[in-house]
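Fold and geometry: a report
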Amino acid sequence: MASRCRSGFQIEKREAYRRMMLIYVEELNLYKILRCLQLVQPLKFQEMASISLQLFIFAGTYKPRVRCYDTYQLSMKFERCLDSEVVTFEILSDDYSKIVFLQCDRYVEFHSQHGRYYRTRIPKFGRDFSYHYPSCDLYFVGASSEVYRLNLEQGRFLNSLQTDASQSNVCDINPAHCLFATGTAEGKVECWDPRARNRVGILDCALSSMTTDTEIDGLPSISALKFKGALHMVVGTTTGQVLLYDLRSSSPVIVKDHHYGLPIKSIEFQEQLDLIISADSRIVKMWNQNTGKMFTSIETEHEINDLCLYPNSGLFFLANESPKMNTFYVPTLGPAPRWCSFLDNLTEELEENPETTVYDDYKFVTKKDLENLGLAHLIGSPLLRAYMHGFFMDIRLYHKAKAMTNPFAYEEYRKEKIRQKIEETRALRVQIKKLPKVNKELAMKFMEEEEAEEQVPRKKKGKSLPNILRDERFKVMFENPDFQVDEASEEFRLINPIVSKASEKRKKKLKQLQEHRQAEQVEEELEGKPSDAESSESSDDDRGWVEEVQKQHKLLRREQKLRLMESRQQILSKPKFFEIKTGEEFKSFKNAAQKHKLLKTSLEDRLKHEEKTGTLHLSDTTVGSKQLTFTLKKSEQQKKRQEAEKQHHEERRRLRRSAGHLRGKAMKRNSFF
């Protein structure tokens, strides 16, 4: 047996178990993996002593499945779908005939070569398990204070190990003397002897991980655990610390901090260079186990779930939150595996033949530049290499030609330097503040605020905000007249109370800070002014701001009404002109006066007047009632329309042709029968 790569810290019960485990049983072709790993998340190695590194097994999610690849055939050997997601799994035999899967729904599945062989359930949600080869016991840890033992020889659960922790996150068994260790949520590591089923020691890693240089938020829990040889153990915490222990001592030999505050997901060892490789969700760090000196570090685009180092090589894989797995090859760590030996050839070629830029010692010039330098006659010669819209020429020839064409370049450079020095000395003199031509009041306001802020000393030097007057992005606002603020506009008048109140509050705050600094009372309230008075003042300020805004609204509505009234009066005061249409005669206003006089008379007089004009006729009926008939007066337009219709009908009558002769001809025809 050899190293095993554990899954990271698992959350309790019905959480999103998105961490998958990938176990390397043997070697495989790299490019074949990258085309097939569509569901891979965390990784895991399982190295056997009596096999030839041939198989590659991984588990994935959505949907939960397990795949096995054969590196000799460079193909997938089998694929199996599962009922739920896999938390971790382990191979118990030299091949894939005995595999144990711990799933997120508390089930433990045993698979053989043909598929699922048996499944059982543990009492609590599991997070990790280890296999004890001498006794054929499986040790399960999870959301419980107990460590469940399942004996595969007898086929039943044995008495559990009772720990002092509320929960356990990870566990591991030392391959040399089979010491069982479990990492708890309280930041402790409990070690048990499987032969006597007694606890032999407790390490308080949470207390040891707190050093003077580290900043820890909360209690550090154990998220990773790995044995190295018979006497060393490496522990990773949820706050980003990695602790190297000698089992003969209760204090760590080295404490390494990732400085990200993220849980340590995986730990691996590089035996040849005495390196420890630790990974959290953001970075992978390689450091020397004797001195703690950094070897290198690797950051990825996506979150890292697990680390897998290929045995005795410089190739390792990072499973992350993306469909494809990241693959890295570091020749310093070791050679490439046999199935991807071409990586060594590539790295050797890169080392022996360092690539240099083709045109490092050349200057790119255009045709116009050549004419200015007086070298246009060199076009077509070997001294110029045509490229795109110009040419490449030797940099030495370019400098010589430029020195010949402009011999006074040094004098110009010297004058420019002298001018810069003079400008620097002028900046030390007393300067009169000049207001810009546009938005002078706004610029004056910014200057006053800047002076007020400079007068108040800061206790902590923070990053000061850039001034708008010196910011190039707002330079046009104080130069272009189009950006002039119109103070008479409706928008400015509505927002002006808010701006004025904000500036008043800012000035008041700066004044209070200045008084605090002078009195050296930073954390106390102002003397003679309790917190209630401050709250009442803030409420009064808000009330005053609301009243000011309402006042501006009323003024704007009043001004709008006045403008409307003035526009109406102007319209009414102007004389009205009417245009007479062509063909109409102008009638005086006497008819209108006569009609107005007629309306004032009684109904009887009006009826008599209408009878005289002929528009109304009154008659008696046989029943004794009266009948009144009248004709409406037609307007000039109606009369013209009627006359036009009559003329049209007459024209149509004259143009119409009679069809009587056609009927006579039809009667003369003989019948068909």
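Here, every reference points to the structure presented above.
One structure accompanies this document, and this report is about it. As a convention, each chain's residues are numbered from 1 in the sequence order in which they are written. With pLDDT at 70 or above as the cut-off, local features in this predicted model cover only qualifying residues; side-chain atom pairs require 80 or more to be listed or tallied, and sums for whole chains, interfaces and linings still use all residues. The basis for the side-chain values is all heavy atoms of the structure; hydrogens and waters are excluded.

1. Thoughts on the overall build of the protein chain
The condition is simple: What counts as a helix is a DSSP run of H or I of at least four residues, what counts as a strand is a run of E of at least two, and both are numbered from the N terminus. Think of it in three bands: with a 1.4 Å probe and only protein chains considered, a residue is buried below 20% of the maximum accessible area for its type, exposed above 50%, and partly exposed in between. We call two residues in contact whenever any of their non-hydrogen atoms come within 4.5 Å of each other. Each accessible area value is a Shrake-Rupley result obtained with a 1.4 Å probe; residue values ignore everything except the protein chains displayed when judging cover.
In terms of helices and strands, the protein chain carries 13 helices and 33 strands. Within the protein chain, the fraction of its 673 residues that count as buried is 37%. Expressed as a percentage of contacts within the protein chain between residues at least 6 apart in sequence, the contacts between residues at least 24 apart total 45%. In the structure as shown, the protein chain presents an accessible area of about 44700 Å², 52% of it carried by carbon and sulfur atoms.

2. With respect to the pattern of salt bridges
Applied cut-off: Within this document, salt bridges are pairs made up of a side-chain nitrogen of Lys or Arg and a carboxyl oxygen of Asp or Glu, the two lying within 4 Å of each other.
Here the structure, examined in full by the defined rule, presents 16 salt bridges. Arg67 is the salt-bridge partner of Glu79, the closest N and O atoms lying 3.5 Å from each other. Linking Glu79 in strand S5 (residues 75–81) with Arg67 in strand S4 (residues 65–70), this pair joins segments that are 12 residues apart in sequence. In this structure Glu79 comes out as partly exposed when scored by relative accessible area, which is 33%. Here Asp246 makes a salt bridge to Arg248, at a shortest N to O gap of 2.9 Å. Arg248 gets classed as exposed once you look at its relative accessible area, which sits at 64%. Overlapping salt bridges bring together Asp83, Glu109, Arg116 and Arg119 as one network.

3. Points about the pairing of strand S8 (residues 107–111)
For clarity, the cut-off: Two strands qualify as a pair provided that DSSP identifies no fewer than 2 bridges between them.
S8 sits mainly inside the fold: 4 of its 5 residues count as buried. Note that strand S7 (residues 99–103) and S8 share 4 bridges and pair antiparallel. Bridged to Phe101 within S8 is Glu109. Adjacent in sequence and paired antiparallel, S7 and S8 are bridged by 3 residues, among which Arg106 carries a positive phi angle near 75°. In this structure, S8 lies alongside strand S9 (residues 116–121), joined through 5 bridges in antiparallel fashion. The partner of His111 across the bridge, within S9, is Arg116.

4. Focus: the sheet that holds strand S29 (residues 362–365)
Using the following cut-off: Fitted lines through C-alpha atoms give the axes, limited to the stretch in contact for helices. The angle between two N-to-C directions lies from 0 to 180 degrees.
Read from one edge to the other, the open sheet built from 3 strands follows the order S29-S31-S30, with strand pairing classed as antiparallel. Two strands in the sheet have a free side with no partner beyond their single neighbour: S29 and strand S30 (384–387). Taken pair by pair, the neighbouring strands of this sheet meet at an average axis angle of 30°, ignoring direction. Examined bridge by bridge, S29 and strand S31 (residues 390–394) share 4 bridges and lie antiparallel to one another. Its bridge partner being in S31, Val365 is matched across the sheet by Phe391. Sitting on the sheet, helix H5 (residues 395–405) is in contact with S29 and S31, with an inclination near 90° to S31.

5. A few points about the sheet that holds strand S23 (residues 275–280)
If you trace the 4 strands from one edge of the open sheet to the other, you get S22-S23-S24-S25, paired in antiparallel fashion. Single-partner strands in this sheet number two, and they are strand S22 (264–270) and strand S25 (294–299). For this sheet, the mean angle separating the axes of adjacent strands, direction not counted, is 15°. Note that S23 and strand S24 (residues 283–288) share 5 bridges and pair antiparallel. By the bridge assignment for S24, Ile277 is matched with Met286.

6. A closer look at a nonpolar patch on the surface
In plain terms, the rule: The patch calculation keeps residues exceeding 30% relative accessible area without a salt bridge and links them within 9 Å when they carry like charges or within 5 Å when they are nonpolar (Val, Leu, Ile, Met, Phe, Trp, Tyr).
On the surface, Leu618, Leu628, Phe630 and Leu632 cluster together into a nonpolar patch covering about 430 Å² of accessible area. Note on Leu632: relative accessible area 70%, which makes it exposed.

7. A look at unusual backbone geometry
In this structure, Cys136 is a non-glycine residue whose phi angle is positive, near 60°. Checked against the element boundaries, Cys136 lands in the loop between strand S10 (126–132) and strand S11 (137–142). Taking relative accessible area as the criterion, Cys136 reaches 23% and is therefore assigned partly exposed. Although it is not a glycine, His259 adopts a positive phi angle of roughly 65°. Within the secondary structure, His259 sits in the loop between strand S21 (254–257) and S22. The exposure class assigned to His259 is exposed, which follows from its relative accessible area of 58%.

8. Thoughts on the environment of Arg338
Mapped onto the elements of the fold, Arg338 is located in the loop between strand S28 (326–329) and helix H3 (342–352). Measuring from C-alpha to C-alpha, the distance between Arg338 and Ser313 comes to 9.7 Å, with 25 residues separating the pair along the chain.

9. Notes on a positive patch on the surface
Let me state the cut-off plainly: Only four residue types enter the tally: Lys and Arg on the positive side, Asp and Glu on the negative side; His and the chain ends are excluded. Note on charges: their place is set at NZ of Lys, CZ of Arg, CG of Asp or CD of Glu.
A contiguous patch of positive charge on the surface is contributed by Lys554, Arg557, Arg558 and Lys561. Residue placement: Lys561 occurs in helix H9 (residues 531–573). Accessibility expressed as a relative area gives 58% for Lys561, which makes it exposed.

10. Quick word on the environment of Asn290
Locating Asn290 in the fold gives a position in the loop between S24 and S25. Overall, the relative accessible area of 53% leaves Asn290 in the exposed class. Residues Asn290 and Leu275, spaced 15 residues apart in sequence, show a C-alpha to C-alpha distance of 8.6 Å. Once residues within four sequence positions are removed from consideration, Asn290 is found in contact with Ile254 and Asp274.

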